[in-house]
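Here are the chains, one letter per residue:
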Amino acid sequence: MSADVADADAMRRAIELAARGLFTTDPNPRVGCVIVRDGRIVGEGWHRRAGEPHAEVLALGAAGAAARGATAVVTLEPCCHTGRTPPCADALIAAGVARVVCASQDPNPRVAGGGIARLRAAGVEVVVGTGAREARVLNPGFFARFERGRPHVRLKLAASLDARTAFADRRRAWITGEAAREDVQTWRARSAAVLTGAGTVRSDDPRLDVRLAYGDRVRQPLRVVLDPQASCAPTARVFAGGGALVFVAPEALAAAHAAHAGSPGVRVEALPRAAGGVDLEAALARLAALEVNELWVECGPRLAGSWLERGLVDELIVYYAPRLLGADAPPLAVLPAADDSAGAHFEFIDARFFGRDLRVILTARREESACSPGS
Ligand code: AOF
Ligand code: ZN
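Everything numeric in this text was worked out from a predicted model, so none of it was measured.

(A) Representation of the overall build of the protein chain in the model. Within the protein chain, the secondary structure is distributed over eleven helices and 16 strands. The principal-axis extent of the C-alpha atoms belonging to the protein chain is close to 70 × 45 × 40 Å. Out of the 375 residues in the protein chain, the part that is buried amounts to 51%. Taking the intrachain contacts of the protein chain between residues at least 6 apart in sequence as the baseline, contacts between residues at least 24 apart amount to 69%. Taken as a whole, the protein chain presents about 16,900 Å² of accessible surface, with 53% of it coming from carbon and sulfur.

(B) Focus on the packing of aromatic side chains. Evaluation of the coordinates by the stated rule reveals four aromatic pairs. Between F142 and F143 the ring centres are 6.2 Å apart and the planes differ by 85°, which places this aromatic pair in the edge-to-face class. Like F142, the residue F143 is buried in the burial classification. Both rings, one in F142 and one in F146, keep their centres 5.1 Å apart while their planes meet at 75°; by these two values the pair is edge-to-face. Of the two residues, F142 and F146 both sit in helix α6 (residues 140-148), four residues apart, roughly one turn of that helix.

(C) The arrangement of the site of ligand 1 in detail. Residues in close proximity to ligand 1 total 18 residues, the closest being H54, A55, E56, R84 and D106. Between H54 and ligand 1, the recorded distance is 2.8 Å, taken from a side-chain N or O atom to an oxygen atom. Between ligand 1 and T85, the relevant distance is 2.9 Å, taken from an oxygen atom to a main-chain nitrogen or oxygen of the residue. Burial of ligand 1 by the surrounding chains reaches 96%, relative to a free accessible area of 510 Å². Of the residues belonging to the shell around ligand 1, the class tally is seven nonpolar, seven polar and four charged.

(D) Seen up close, the sheet that holds strand β6 (residues 152-160). Reading across from one edge, β10-β9-β8-β7-β13-β6-β14-β16-β15 is the order of the nine strands in this open sheet, with mixed pairing throughout. In this open sheet, the two strands that pair with only one neighbour each are β10 (266-270) and β15 (346-354). Neighbour-to-neighbour, the strand axes of this sheet turn through a mean angle of 20°, independent of strand direction. Sheet topology places strand β8 (residues 222-226) next to strand β9 (residues 244-248); four bridges connect them, and they run parallel. Residue pairing for β9: R223 is matched across the bridge by A244. Seen against the sheet, α6 touches β6 and β13 (294-298) and runs at an angle of roughly 130° to β6.

Thresholds, definitions, all that
- Residues numbered from 1 in each chain as written.
- Chains lettered and ligands numbered in written order.
- Predicted model: local features only at pLDDT ≥ 70, side-chain atom pairs only at ≥ 80, totals over all residues.
- Heavy atoms only, no water.
- Helix = DSSP H or I, 4+ residues; strand = E, 2+ residues; numbered from the N terminus.
- Buried < 20%, exposed > 50% of the residue type's maximum accessible area, 1.4 Å probe, protein only.
- Contact = heavy atoms within 4.5 Å.
- Areas by Shrake-Rupley, 256 points an atom, 1.4 Å probe, with all protein chains shown as cover.
- Phe/Tyr/Trp six-rings, centres within 6.5 Å; stacked < 30°, edge-to-face > 60°.
- Near = heavy atom within 4 Å.
- Polar contact = N/O pair within 3.5 Å; in protein donor to acceptor, adjacent residues only side chain to side chain.
- Nonpolar A, V, L, I, M, F, W, Y, C, P; charged D, E, K, R; others polar.
- Pairing = 2+ DSSP bridges.
- Axes fitted to C-alpha atoms, helices over the stretch in contact; angles between N-to-C directions.

Dropping the structure here:
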């Protein structure tokens, strides 16, 4: 077997290990590592959560003396900084590892090639790029935050076959079934924040929380509400239990502070105004500053339309229920009439049944989007 095939196999295993941290590493990336010696895996590790050891250190610990002269295969560049834990590059050098294979550079400016440089300076052979695409999929938000200054944005929509998102008479009833709603729980659980608009809070009063344990515990995402005019009742369920952030327009800041004064876990911040509400780009910049990697958006058709129109959706998750709600029911998204150039273009990447509902996943084709900066 050539070294390339062996490296690729080991990288696949490292990616599998990294994925175990899907629900727990935030705001850190999900990272996995295997130590390979004479074609055999002699140590494995994966990063569990911020503050705990990095993948490489755990894999080295498992390998013990067998790490000397071995190859370390890691889903991300080994770090060279002292953060919550000491530098992995130093640990690899100290263990006598001869070769390091990593999927990509770490976009974190505290690392950004520094780990690779340190390893090479110590005489360790470093290969970069094995399994790059597959490894990147583990951490879309971590890369988005450092490369684009914003979280990875997923917009979730649940609709009838005729793409209607509620009953025409606005009665409160589920459109999609249990299995689809359970799947939504999984997406919320891997996200650092869940965002909605004031309209949804007023009409549906959602909790937007995670009700199942993922990994080994329930980690509640930050609940974010765009409430430009401070119109949401502080008694709404989304604010219960704290961990909420309310974005309002500057002129509504005082009113919002007064409304939420009795709720210690609710933070209120002003954002610049933009057509129809607050500035969505500013909201994303602020959330990135708060170390939000993945943002899960569940909102009504007007706000959904704004996200889409501004080309800010990286991934669309749409659940279609096998029913028809008619032309008087609200649409999937309120958007101006499309022409060939406007708005984001999407690409179907997955389709799957959840109970009787169909879930499709689409990703933005950024290079073709007329809204992408600089185009
Ligand atoms: C690695 N291996 O398993 C992870 C890395 O605060 P710290 O010490 O946990 O450092 C966090 C940063 O380290 C994080 O932003 C990212 O750049 C890198 N994460 N690096 O070599 C790992 N989780
Ligand atoms: Zn590290």
